[in-house]
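Architecture at a glance
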Amino acid sequence: MTRIGLISDTHSFLDDAVFKHFENCDEIWHAGDFGNIELAGQLAAFKPLRGVYGNIDGKEIRQTYPENLRFKCEAMDVWMTHIGGYPDRYDLRIRAEIYANPPQLFISGHSHILKVIYDKKINCLHLNPGAAGKQGWQKVRTLMRFNIDGNKIQDLQVIELGAK
């Protein structure tokens, strides 16, 4: 079993509570818009970090993290990208590929809207952890925590960090 902390859209703000909420996680996944390389470094120094760059991220982040990241976690096929859209409205950049070769877990950020949607057409769970930073129009800063056991997601939790 692998315990995952999922975060996105920090926009250069990292709440100290993230470290408490992710202390029992094995890995942290960041779905883009880190804001700066120092924030990524803080997370990477704390736990193994996987991430993708977002539309606000500059050269240092883009040289370190890819636009799309497809990988296996245990037996689960995971695809993470910052601007991914949603079931029936996937972003044009990835639409053909996601339908031709769907992952089991699709993670995106960008919208600042926390979502958990199962796409029945492609048998894929879509997660967007919302925004953990203070930039944007979200009223509450959020993240997620879950376990991957083989090819199953278990114990999915939404964590509210408070108002921005």
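Notes on the structure in this doc start here. (Residues numbered from 1 in each chain as written. Predicted model: local features only at pLDDT ≥ 70, side-chain atom pairs only at ≥ 80, totals over all residues. Heavy atoms only, no water.)

**Focus on the packing of aromatic side chains**
With the rule as written, the count across this model stands at seven aromatic pairs. With a centroid separation of 5.0 Å and an interplanar angle of 90°, the aromatic rings of Phe 19 and Phe 46 are classed as edge-to-face. Here the residue Phe 19 occupies a position in helix α1 (residues 17–21), and Phe 46 occupies one in helix α2 (residues 37–46), the gap between them amounting to 27 residues. For the pair Tyr 90 and Phe 106, a centre-to-centre distance of 5.7 Å together with 90° between the ring planes defines the contact as edge-to-face. In this pair, Tyr 90 sits in strand β7 (residues 89–90) while Phe 106 sits in strand β8 (residues 105–107), placing the two residues 16 residues apart along the sequence. Take Tyr 90 and Phe 106: they sit in the same class, and that class is buried. Here the aromatic cluster, defined as three or more aromatic residues joined through ring pairs, consists of Trp 79, Tyr 90, Tyr 99 and Phe 106. One residue, Lys 47, lies across the ring of Phe 46, its end atom 5.4 Å from the ring centre. The ring of Tyr 86 carries the charged tip of Lys 115 above its face, separated from the ring centre by 4.5 Å. (Phe/Tyr/Trp six-rings, centres within 6.5 Å; stacked < 30°, edge-to-face > 60°. Helix = DSSP H or I, 4+ residues; strand = E, 2+ residues; numbered from the N terminus. Buried < 20%, exposed > 50% of the residue type's maximum accessible area, 1.4 Å probe, protein only. Lys NZ or Arg CZ within 6 Å of the ring centre and 35° of its normal.)

**Quick look at the pairing of strand β12 (residues 152–163)**
Here nine bridges tie strand β11 (residues 140–149) to β12, and the two strands are oriented antiparallel to one another. When the bridges of β12 are listed, Ile 148 appears paired with Ile 153. Hairpin remark: β11 followed by β12, antiparallel, with two residues in the connecting loop; positive phi at Gly 150, about 70°. (Pairing = 2+ DSSP bridges.)

Note that every value here comes from positions in space, so none of it alone points to a role or purpose.
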